[in-house]
Amino acid sequence: MKVAKFGGTSLASAEQIEKICAIVTADPARRLVVVSAPGKRDREDTKVTDLLIEVVRAQLTNQDGHTALARVIDRYAAIIADLGLPDTALAPIVADFERRLAMSTSDEALYADAMKAGGEDNCARLVAEYLRHNGAEAHYLDPGEGGLILSEEPGNARVLQASYGKLRQLKDRPGITIFPGFFGYSPTGRVVTFSRGGSDITGAILAAAVDATVYENFTDVDSVFVANPALVENPVAVAEITYREMRELSYAGFSVFHDEALEPVFHAGIPVVVKNTNNPQAPGTRIVPERAVGDRPVVGIAATDGFCSVYISKYLMNREVGFGRRLLAIFEDEGISFEHTPSGIDNMSVIVRESYFNHAAEERVLRRIRTELEVDELSVARGLALVMVVGEGMHHTIGLASRACTAFARASVNIEMINQGSSEVSMMFGIAAADIPAAVRSLYGEFFASSG
């Protein structure tokens, strides 16, 4: 049994939906299909999820959300018409969105989740209907009925272990099951969503639950590339990559795969294949537990911005037992997770995401650090980007850090911070966000230019 997940670009139009239905029915093993909400039809278009966020924004600011919702319904109406489905197919979709619109906004986060989830939910119904229209045995399945139970954390939910027992029964369902991605239900029965792009997570959870032979993740590219094609022209394609490598690269900005989506399949040992809906014959990129490293120690380069660094210095910090714990406890009390903590004998930096560290939070955290830890020096640097150089072969290769630093110097990029994980699968560099393009291109030239 294969689990196939299709992203937003694969569902953006009737033409794309026709493609995915052909892909699904071409292989009888593809019996469990996860769908996203319709994405962009072209660069100027707007994703359905973004349209639904506009609806939420209108409702929460005492405006009329009907105008924004009309654009959402128009997208589904156009798809239904172009697929040749009867006009009656639109009525339940309209009714569902109207029901969501009229829900209570007393809990704004839960209201937003319920509205956003409508994109995937109604898309799944539509795909199932089109498959039946073409003679296939296909069934829409609500995630609650299927057993996908998530933590009650709107916009950032995580799967609860209790889900897997009931989800395992999906392998025994007849025909093709169409399962909406991105959302599930909390133990109290409320709709909650994963973080943005969470349909990848839904697919991985289902693949692990049914012990799939493979989890196929269909997107709009033939494979994963060693660097962002928007920054590097015609980058080298990756044929095979390990879970650990992909996790590091996804964390640092590889948009092909959600960075949390590998956890369920990693623990289950299920291989993932990233494939192209528009070119399904292409072999794609396999994500596997282990791979032969060969003569290329680096498998990818990724960069992402939106970070800041809190720098702390205190003489004889290394002699002060519990200093690091007390420092991180301050961030914990403020509900701020940290990303990295590079340190020296008398100094330490805490890297956090700027989205979690607004100026009010910064003021509170710095005040507590000064008073509770009595530091000598304290500062915050914003506009930081993290660049990751990733590869299982790095552990056994001498001189990679020197080559990376040479590439940064060649591009006149100043390194604010260097950190290497204890697994030695990656090296991380902190640079100014504005330097991302120059840094990635120079690193690509250093490690891959002779390969492609």
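Note that the coordinates shown come from a computational prediction; the quantities given were computed from them, not determined experimentally. (Residues numbered from 1 in each chain as written. Predicted model: local features only at pLDDT ≥ 70, side-chain atom pairs only at ≥ 80, totals over all residues. Heavy atoms only, no water.)

(A) Representation of the overall build of the chain. Counting secondary structure elements, the chain contains 14 helices and 17 strands. Whereas a compact globule of 452 residues would reach a radius of gyration of roughly 22 Å, the chain reaches 24 Å, a difference of no more than 12%. Principal axes of the C-alpha set define a box for the chain whose edges measure 75 × 55 × 45 Å. For the chain, the proportion of its 452 residues judged to be buried stands at 52%. The long-range fraction of contacts in the chain, counting pairs at least 24 apart against all pairs at least 6 apart in sequence, stands at 74%. (Helix = DSSP H or I, 4+ residues; strand = E, 2+ residues; numbered from the N terminus. Rg over C-alpha atoms; globule rule 2.2 N^0.38 Å. Buried < 20%, exposed > 50% of the residue type's maximum accessible area, 1.4 Å probe, protein only. Contact = heavy atoms within 4.5 Å.)

(B) Up close: the pairing of strand β17 (residues 426-432). The element β17 is extensively covered by neighbouring structure, given that six of its seven residues are classed as buried. With seven bridges connecting them, strand β15 (residues 377-390) and β17 associate as antiparallel partners. In the sheet register, L384 faces β17, and the bridge partner there is A432. Sheet analysis places strand β16 (residues 417-420) next to β17, joined by four bridges and oriented antiparallel. Paired with I418 across the strands is F429, a residue of β17. (Pairing = 2+ DSSP bridges.)

(C) Representation of the side chain of Q16. Within the fold, Q16 resides in helix α1 (residues 14-25). Taking relative accessible area as the criterion, Q16 reaches 11% and is therefore assigned buried.

(D) Representation of the packing of aromatic side chains. Counted by the stated rule, this structure contains seven aromatic pairs. Ring geometry for Y76 against F97: centres 5.7 Å apart, planes inclined by 50°, an arrangement best described as tilted. Note that Y76 is positioned in helix α3 (residues 66-83) and F97 in helix α4 (residues 90-101), a separation of 21 residues in sequence. For the pair Y76 and F97, a shared accessibility class is recorded, and that class is buried. Aromatic pair F408 and F429: ring centres 4.8 Å apart, planes at 55°, arrangement tilted. Taken as a pair, F408 in helix α13 (residues 400-410) and F429 in strand β17 lie far apart in primary sequence, 21 residues in all. Given the relative accessible area of 1%, F408 is considered buried. (Phe/Tyr/Trp six-rings, centres within 6.5 Å; stacked < 30°, edge-to-face > 60°.)

(E) Examining the sheet that holds strand β3 (residues 138-140) more closely. Strand order in the open sheet made by the eight strands is β3-β4-β2-β1-β7-β11-β12-β10, with mixed pairing throughout. Both outer strands of the open sheet, β3 and β10 (240-242), are each paired with one neighbouring strand and no more. Across the sheet, the mean angle from the axis of one strand to that of its neighbour is 20°, orientation sign disregarded. Pairing between strand β1 (residues 2-6) and strand β7 (residues 214-219): five bridges, direction parallel. (Axes fitted to C-alpha atoms, helices over the stretch in contact; angles between N-to-C directions.)

Geometric values such as these leave the question of function open.
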